[in-house]
Amino acid sequence: MEISYVMSTARSAVVEIKDGGRYFTKRPYRILVNGEEVITTEKTINSLFGLKPDTEQLVEVYDNDTKQGEVSFRTDHEFVTLDVKRFGAKGDGIQDDTHFIQAAIMACPEKGRVLVPAGCYRITTLFLKSHLRLELAEGAELRAFTEKEKFPVFPGIIESYDETDQYNLGSWEGNPLPMYTSIICGVGAEDVVIYGRGTINGNASKETWWKDVKNIKDVFRPRLFFINQCKNVTLQGVTCCNSPAWTLHPYFSDDLRFLDLTVKNPSDSPNTDGLDPESCKNVEILGVHFSLGDDCIAVKSGKIYMGKKYKTPSENIHIRQCLMEDGHGAVTLGSEMAGGVVNLTVEDCIFRQTDRGLRIKTRRGRGKDAILSNITFRNLTLDHVMTPLVVNSFYFCDPDGKTPYVQSRDLYPVDDRTPSIKKMVFENMDCTNCHVAAAFFDGLPEQKIEEIVMRNISFSYAENPKFDVPAMSEGVPKSSKRGIFARNVAKLTLDNVAVTGQEGEAYEFIGVDELIQP
């Protein structure tokens, strides 16, 4: 068995236990650091805290009394710790501690640490800066205020002085629109780590940010965590909950790591996606537990305006050893992805009780840059997922979403408005207790899905399946225990794919040009 080093700071680290488990290890293990037992774990990805700076660390993993492996590393140098309570923060759940914590952040030198000790700190927005290490200690909670008048506003578009360019700060669902600043906010920051056992609580509820959400027109809800034009940012270990809208929203940012987090919102909370990388590059999502009210992970790259202007796809995204529960989609691509999604891999994860596993949402009008390419899902366990695989080229979002242009299955001309889907590979997946359908692939007749490969996948159905639509588009009837449906696919490979317990035909193919069944 291999024990691998993932990352470390001066005070924390992440290690991985590779015993073949997906999110959970196959048995409990004891973890020792420099001979002292620190945790017993049943997870593959584990955070270690309370380490001594600039010190060699030996991490050993035991199964009962049998040593299974070890890994060593040296923690970073730390110059100084700035305790926010020494700057005036009280952590009493009453005082507004925003300015006191912000003062500590702004005063922190490179190689320093801002420490938020145990307590409840009421805040609005904290702004990040480069070379920051921010630790939320065990028992520390950043609890946001919910009064709108307390929050600054990021305008959507600010025109340049010479009127030849623009500066985009605010965003809402793929458009450059004004938004309230988020609970944790970064603009142009580099080399930032937020870590610890503490909690960032957006404090949203049906009486505050989640009230009457359809009628918000001027300034849109904040995220819990929003970064724009940032690089080399890591979140490790913390719990994020009750977000006003999307929980973690990196925007036009690169080299990001989300490690061993817990992201949880109520199952009926509106638009509380877990993690939405939008036009981001080189993103690692490792060991994260999602349980929320919308998509667990939703990869985006803007609506039509943003896609055309910036042509910045989300690319090189690696999702591994995660647990997704209760969301609409475990991993969703779109629908705001006019800039495309390229090179995305999801592996060694568990999806439980989500509406869909993979959920691709696109439509005519997204544009020729809305390209999905090199999408891979492998080594996955799905249980009580209503429809494990959905590719929908007729998603009825936006005011024109139900017009004939978007919804018609007739052949339309291929032009600058036409999106495309290239190759997708699904392999080594065990899908039990399915409900609505095993897989539903619906491509455009004028721009077929180029290639789908399904290899070593088993689908079986729940005893009392739910009755629902597999994809949100016009003309798709409600069903249960439906098999694999594919329409307008240029090449489809089914290699060792089993669908058991379905009602009716296991396979229904329309407009599939090449079918390969080894």
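This structure is a prediction, so every number in the text was calculated from the model and none was measured.

(A) Main features of the packing of aromatic side chains. The final tally for this structure, using the stated rule, is 16 aromatic pairs. When the centroid spacing of 5.0 Å and the interplanar angle of 15 degrees are considered together, the rings of Trp 172 and Phe 220 count as stacked. Placement of the pair is Trp 172 in the loop between β17 (166–168) and β18 (179–180) and Phe 220 in the loop between β21 (199–201) and β22 (225–228), with a sequence separation of 48 residues. Of the two residues examined, Trp 172 and Phe 220, each falls in the buried class. Relative to Phe 252, the ring of Tyr 251 lies with its centre 4.9 Å away and its plane at 85 degrees, an arrangement referred to as edge-to-face. Classification of Phe 252 as buried rests on a relative accessible area of 14%. Taking NZ or CZ as reference, Lys 150 lies 4.6 Å from the ring centre of Phe 145, over its face. Geometry around Phe 485 places Arg 482 over its ring, the cationic atom sitting 4.8 Å from the centre.

(B) Up close: the environment of Phe 377. Turning to its location among the elements, Phe 377 is positioned in strand β36 (residues 371–383). Residue classification places Phe 377 among the buried positions, given a relative accessible area of 0%. Once the C-alpha coordinates of Phe 377 and Arg 417 are considered, the two residues, 40 residues apart in sequence, prove to be 28 Å apart. With sequence-adjacent residues up to four places away left out, Phe 377 is seen in contact with Val 331, Leu 344, Val 346, Phe 351, Leu 358, Val 425, Phe 426, Glu 427 and Met 429.

(C) The arrangement of helix α1 (residues 98–107) in detail. If you check which residues of α1 are buried, you get Thr 98, Ile 101, Gln 102, Ala 104 and Ile 105. In an axial view of α1, the angular spread of the buried residues amounts to 155 degrees, which keeps them on one side of the axis. Of the exposed residues in α1, the ones pointing more than 90 degrees away from its buried face are His 99 and Met 106.

(D) Region of interest: the sheet that holds strand β19 (residues 184–187). Strand order in the open sheet formed by 4 strands is β12-β19-β22-β25, and the pairing between neighbours is parallel. The sheet is open, and its two borders are formed by β12 (126–127) and β25 (248–251), each paired with just one other strand. Pairing between β19 and β22: 4 bridges, direction parallel. Bridging across to β22, Val 187 finds its partner in Asn 228.

(E) Focus on the pairing of strand β33 (residues 329–334). Of all the 6 residues making up β33, 6 are buried; the element is thus mostly covered by neighbouring parts of the structure. Pairing analysis gives 5 bridges linking β33 to strand β35 (residues 356–361), with the strands arranged parallel. Residue pairing across strands places Gly 329 opposite Arg 356, the latter belonging to β35.

(F) The arrangement of the pairing of strand β39 (residues 423–434) in detail. For β36 and β39, the ladder comprises 8 bridges, and the chain directions are parallel. Note on β39: the bridge partner recorded for Phe 377 is Phe 426. In this sheet, strand β41 (residues 451–461) lies alongside β39 in parallel orientation, the contact comprising 9 bridges. Of the residues in β41, the one forming a bridge with Val 425 is Val 453.

(G) Looking closely at the pattern of salt bridges. Within this structure, the stated rule accounts for 38 salt bridges. Across the pair Asp 268 and Lys 206 runs a salt bridge, and its minimum N-O distance is 3.0 Å. Taken as a pair, Asp 268 in the loop between β27 (262–264) and β28 (281–286) and Lys 206 in the loop between β21 and β22 lie far apart in primary sequence, 62 residues in all. Of the residues examined, Lys 206 reaches a relative accessible area of 40% and is grouped as partly exposed. The partner of Arg 352 in a salt bridge is Glu 325, and the shortest N-O contact between them spans 3.3 Å. Of this pair, Arg 352 sits in strand β34 (residues 341–352) while Glu 325 sits in strand β32 (residues 323–325), and the two are 27 residues apart along the sequence. Connected through shared salt-bridge partners, Lys 303, Arg 363, Arg 366, Asp 398 and Asp 400 make up one network.

(H) How the structure looks around the sheet that holds strand β5 (residues 45–48). Ordered by their spatial adjacency, 3 strands build an open sheet running β1-β2-β5, and the pairing between neighbours is antiparallel. Pairing within the sheet leaves two strands with one partner each, and these edge strands are β1 (2–8) and β5. For this sheet the average axis-to-axis angle between neighbouring strands, irrespective of direction, equals 25 degrees. Alignment of strand β2 (residues 13–18) against β5, held across 4 bridges, turns out to be antiparallel. Considered in β5, the bridge of Val 14 is made with Ser 47.

(I) Structural view of unusual backbone geometry. Backbone torsion omega between Gly 334 and Ser 335 reads 0 degrees, so that peptide bond is classified as cis. Turning to its location among the elements, Ser 335 is positioned in the loop between β33 and β34. Residues other than glycine seldom take positive phi values, yet Phe 252 does so here, at roughly 50 degrees. Residue placement: Phe 252 occurs in the loop between β25 and β26 (254–259). Located in the positive-phi region is Asn 433, a residue other than glycine, with phi close to 55 degrees.

(J) Structural view of the nonpolar core. In terms of nonpolar packing, the biggest core is built from 101 residues, with Phe 225, Phe 351, Phe 426, Phe 441, Met 454 and Phe 459 touching the most fellow members. Per-element tally for this core: the top contributor is strand β42 (residues 482–500), with 7 residues. Those residues in contact with Phe 441 that sit more than four places away from it in its chain are Leu 389, Val 391, Phe 426, Ile 449, Ile 452, Met 454, Ile 484, Phe 485, Ala 486 and Arg 487. Ala 13, Val 15, Ile 31 and Leu 48 belong to the second-largest nonpolar core, a separate cluster that totals 13 residues.

Definitions and cut-offs
Residues numbered from 1 in each chain as written. Predicted model: local features only at pLDDT ≥ 70, side-chain atom pairs only at ≥ 80, totals over all residues. Heavy atoms only, no water. Phe/Tyr/Trp six-rings, centres within 6.5 Å; stacked < 30°, edge-to-face > 60°. Helix = DSSP H or I, 4+ residues; strand = E, 2+ residues; numbered from the N terminus. Buried < 20%, exposed > 50% of the residue type's maximum accessible area, 1.4 Å probe, protein only. Lys NZ or Arg CZ within 6 Å of the ring centre and 35° of its normal. Contact = heavy atoms within 4.5 Å. Arc of directions from axis to C-beta. Pairing = 2+ DSSP bridges. Salt bridge = Lys/Arg side-chain N within 4 Å of Asp/Glu carboxyl O. Axes fitted to C-alpha atoms, helices over the stretch in contact; angles between N-to-C directions. Core = buried A, V, L, I, M, F, W, Y, C linked by side-chain atoms within 4.5 Å.

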